[in-house]
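Examining the three-dimensional arrangement
The primary structure of each chain is shown beneath.
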Amino acid sequence: MVKSHIDKGYDFLKIADNLPLEIYLELLEVGEKNGIPIIGHAQRNLPLEYSLRMKSIEHVEEFLYISKDDSGKKLYNEDLAELSSVALQLKQSDIYIGSTLVIFDFINQCLDDKKFAELQKHEWVKYLPKQERENFLTEKNDYRKMKNSEFEGVKAETLFADYFLWIKAFTRILIDNGVHLLSGSDTYGMVIPGFSLHKEFKFLQEAGVAPYNILLASTVNPARYLNKYASEGTIAAGKNANLVLLAKNPLDNIENTQSIEGVMLKGNWFNGAQLDVMLKEVESAYK
């Protein structure tokens, strides 16, 4: 299986679910021998240490469901003050963590009738393909189906709101302990590529992550993660001409990343008017 993916040119193998222990360990070993990193979701049925053997974990959310040892007690149920030792373990393992806070915000909006109605009229709907609108902005949405459900006696709306608060708090703990963070939003429903990353930045700032560290997680850290730092990640002589020019300083407020004057991509300059044309093309394609 690993060889077939290498032959197709893949750079990573992503795990999307729990694997039997023997298969998981063999996958890590074969991946290492063949120079292809294993990444993705945590192994929720195993103690934390097993998941840290991967190169990266896809979502901060994953840590809600992991136990730090064989006790089975989830990190979500640990005292927040105790989680610094967990973050230090992550730091020492040298693993990278993708943030994706905005996904959880979308879930919470789906569970709230008023917010869900607002989503259905949101200006970004025009950037969502027709089939996706049907899947995510009607009562077909899986989270709409569970909005009246309870988990261990707690209503879904309450539980997921608490989960979101915990995720933001743990993200701050990760940053405070020097863990490698990769900013990212994932794509799911109204988590629209491009727009959603700016929203992710906003949530990270609300969580107490300094703008500088958010920018680091969006430039230098990904370049290091992809082994591309010699040519990407910073604006410097000899590096590829890929950058975003802003009208306002994001170090003052991360929401200033939305003041986009233009984009330089592979040495080609796209001004604001050209970027607007691209958005119009997407809108027209999805009508």
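For the structure given in this document, a descriptive report is provided here. Since this is a predicted model, take the numbers as computed values, not measurements. (Residues numbered from 1 in each chain as written. Predicted model: local features only at pLDDT ≥ 70, side-chain atom pairs only at ≥ 80, totals over all residues. Heavy atoms only, no water.)

Section: the sheet that holds strand β3 (residues 56–57)
Read across the sheet, five strands follow the order β1-β2-β3-β4-β7 without closing on themselves; strand pairing throughout is parallel. Each having just a single partner strand, β1 (13–15) and β7 (180–182) make up the two edges of the open sheet. Pairing of β3 with strand β4 (residues 96–98) involves two bridges; the strand directions are parallel. For Ser 56, the partnering residue across the bridge sits in β4 and is Tyr 96. (Pairing = 2+ DSSP bridges. Helix = DSSP H or I, 4+ residues; strand = E, 2+ residues; numbered from the N terminus.)

Re the packing of helix α5 (residues 101–111) against helix α10 (residues 195–206)
In the contact formed by α5 and α10, the axes pass within 8 Å of each other and the chain directions differ by 95 degrees. Viewed along their axes, α5 and α10 adopt a mutual orientation that is roughly perpendicular. In contact with Leu 101, Val 102, Asp 105 and Gln 109 of α5, α10 contributes Ser 196, Lys 199, Glu 200, Phe 203 and Leu 204. Classifying every residue of the contact of α5 with α10 gives four nonpolar, two polar and three charged. (Axes fitted to C-alpha atoms, helices over the stretch in contact; angles between N-to-C directions. Parallel < 35°, antiparallel > 145°, perpendicular 65-115°, else oblique. Contact = heavy atoms within 4.5 Å. Nonpolar A, V, L, I, M, F, W, Y, C, P; charged D, E, K, R; others polar.)

Looking at the pairing of strand β9 (residues 260–265)
Of the pairings in the sheet, the one linking strand β8 (residues 243–246) to β9 comprises four bridges and is antiparallel in character. For Leu 245, the partnering residue across the bridge sits in β9 and is Gly 262. With four bridges joining them, β9 and strand β10 (residues 268–271) adopt antiparallel strand pairing. Note on β10: the bridge partner recorded for Met 264 is Trp 269.

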